[in-house]
Amino acid sequence: RYLLALCDGMGVGKNAASHSEKTLTLLERLLEAGYSQETALKVTNSAMIAANADEGFSTIDVALIDMDSGKIKFIKAGAPVSFIKRRNRIEIIKGGSLPVGIMDEIVPKVTEKTVRAGDMVIMVTDGVIDAFSDKQNGEEILKRFLLETKTTNPQEMAEKILRKAKEQNSIKDDMTVLVGSIWEKR
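Residues numbered from 1 in each chain as written. Predicted model: local features only at pLDDT ≥ 70, side-chain atom pairs only at ≥ 80, totals over all residues. Heavy atoms only, no water.

*Asks:* Where do I start with the overall build of the chain in this structure?
*Replies:* Of the regular secondary structure elements, the chain holds five helices and eight strands. When the elements of the chain are put in sequence order from the N terminus, they spell out β-α-α-β-β-β-β-β-β-α-α-α-β. Its C-alpha atoms give the chain principal-axis dimensions of about 45 × 45 × 25 Å. A total of 186 residues make up the chain; the buried ones form 44% of that total. Sequence-distant contacts in the chain: of pairs separated by 6 or more residues, those separated by 24 or more amount to 65%. Roughly 10200 Å² of accessible area belongs to the chain as shown, and the carbon and sulfur atoms make up 49% of that amount. (Helix = DSSP H or I, 4+ residues; strand = E, 2+ residues; numbered from the N terminus. Buried < 20%, exposed > 50% of the residue type's maximum accessible area, 1.4 Å probe, protein only. Contact = heavy atoms within 4.5 Å. Areas by Shrake-Rupley, 256 points an atom, 1.4 Å probe, with all protein chains shown as cover.)

Written out as C-alpha cells, the structure is:
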C-alpha cells in the first residue's frame, strides 16, 4: 500500500501546523502498524479529542493505494475535494464528514476508485479551493485549470497549482497541494 495524506489544522500558522502534524503522525503510525483505516481513524479521533480539548480539530484527507490492484481508497474527514486526472478527463472525489477531534464518533466519507499508469492524484487543502473561488465555484475552476495544465511531473503540477492559487490575491488560509503520479513498475 502507498499512502498520500494531508491534514489541515484549524486556523493558520504554527498552532495549526503543529496540530496537523500530530494528527497525521498518529494516523500514519497506526496504519504502518497494520491497523485498518477505520480503527486508525477512530483511535486518532479519540486521541485528538483527549489531547486537544481546547486546541481545535484537523481535517484528514487520505488516499490509500493498493499498488498491486490499482484500487485507491479516499478517506475524508472534513477535507475538501480531491481529483484524479486521467489524460483529458478529471474526476472529482467529494469531501464530507466532520474533521477529527470534534465528535466522539467519526464517520469519514470513503470513496473507492481504480487508478492506472499515467493517472495523477491531486489533493489540496481548503485554502487552495478558497483561493480559486473568487465569487465562483473553486472546485470547478480548479478542475478546468487541471484540464488545461499539461504535465506528467507531479512536482511541477503541484507548483503550478500553488502558483495559480497565489495569483488569485484572495489568500485567506494556509495552502497545501499534494500530487502523486501513478506509474507502472517494470
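*Asks:* What is the right way to look at the packing of aromatic side chains in this model?
*Replies:* The description of an aromatic ring pair rests on the distance of the ring centres and on the angle between the ring planes. This model, assessed by the stated rule, comprises one aromatic pair. Ring geometry for Phe-132 and Phe-145: centres 6.0 Å apart, planes at 50 degrees, overall tilted. Placement of Phe-132 in helix H3 (residues 126-133) and of Phe-145 in helix H4 (residues 138-148) is noted, with a sequence separation of 13 residues between them. The burial state of Phe-132 is the same as that of Phe-145; both residues are buried. (Phe/Tyr/Trp six-rings, centres within 6.5 Å; stacked < 30°, edge-to-face > 60°.)

*Asks:* Looking at this model, I keep getting lost on the environment of Lys-94. Mind explaining?
*Replies:* Tracing the chain through its elements places Lys-94 in the loop between strand S5 (89-93) and strand S6 (109-114). What makes Lys-94 partly exposed here is its relative accessible area of 44%. Taking the C-alpha atoms as reference points, Lys-94 and Ala-40, 54 residues apart in sequence, are found 21 Å from one another. When near neighbours in sequence (up to four residues on either side) are disregarded, Lys-94 contacts Lys-76, Val-81, Lys-109 and Glu-139. At 3.1 Å, the side chain of Lys-94 and the side chain of Glu-139 are in polar contact. (Polar contact = N/O pair within 3.5 Å; in protein donor to acceptor, adjacent residues only side chain to side chain.)

*Asks:* So what exactly am I meant to see when it comes to the pattern of salt bridges here?
*Replies:* For side chains of opposite charge, pairing can occur when their charged atoms come near one another. By the definition in use, this model includes eight salt bridges. A salt bridge links Lys-76 to Asp-61, with the shortest nitrogen-to-oxygen separation between them at 2.7 Å. With a gap of 15 residues between them, Lys-76 in strand S3 (residues 71-77) and Asp-61 in strand S2 (residues 58-65) connect regions that are remote in the sequence. An identical accessibility class is assigned to Lys-76 and Asp-61; each is buried. By sharing partners, the salt bridges in this structure join Arg-89, Glu-91 and Lys-113 into a single network. (Salt bridge = Lys/Arg side-chain N within 4 Å of Asp/Glu carboxyl O.)

*Asks:* Looking at this structure, I do not really get a nonpolar patch on the surface. What am I missing?
*Replies:* A contiguous nonpolar patch, built from Leu-98, Ile-102 and Met-103 and spanning about 270 Å² of accessible area, is present on the exposed surface. In this structure, Ile-102 sits in the loop between S5 and S6. By relative accessible area, Ile-102 is classed as partly exposed at 39%. (Patch = residues over 30% accessible without salt bridge, like charges linked within 9 Å, V, L, I, M, F, W, Y side chains within 5 Å.)

*Asks:* Explain the packing of H3 against helix H5 (residues 154-167) here, please?
*Replies:* Packed helix pairs are characterised by how far apart their axes lie and by the angle those axes make with each other. Their axes nearest at 8 Å, the elements H3 and H5 cross at an angle of 50 degrees. Relative to H5, the element H3 lies oblique. As H3 runs across H5, the sense of the crossing is left-handed. Together, Val-128, Ala-131 and Phe-132 of H3 and Ile-161, Lys-164 and Ala-165 of H5 make up the contact between the two elements. A breakdown of the residues in the contact of H3 with H5 according to their chemical character gives five nonpolar, no polar and one charged. (Axes fitted to C-alpha atoms, helices over the stretch in contact; angles between N-to-C directions. Parallel < 35°, antiparallel > 145°, perpendicular 65-115°, else oblique. Left-handed = near helix turned anticlockwise from the far one by under 90°. Nonpolar A, V, L, I, M, F, W, Y, C, P; charged D, E, K, R; others polar.)

*Asks:* Got a minute to help me understand the nonpolar core in this structure?
*Replies:* Side chains that are nonpolar tend, in soluble globular proteins, to be buried together. The biggest cluster of nonpolar side chains holds 21 residues, and the ones touching the most others in it are Ile-122, Val-128, Phe-132, Leu-142, Leu-146, Ile-161 and Val-179. Elements that contribute at least two residues to this core include exactly strand S7 (120-124), H3, H4, H5 and strand S8 (177-181). Residues contacting Ile-161, with those up to four places away along its chain left out, are Ile-122, Val-128, Phe-132, Leu-142, Phe-145, Leu-146, Val-177 and Val-179. Counting 15 residues, the second largest nonpolar core, distinct from the first, contains Leu-31, Leu-41, Val-62 and Val-100. (Core = buried A, V, L, I, M, F, W, Y, C linked by side-chain atoms within 4.5 Å.)

This is a description of form; function is not addressed.
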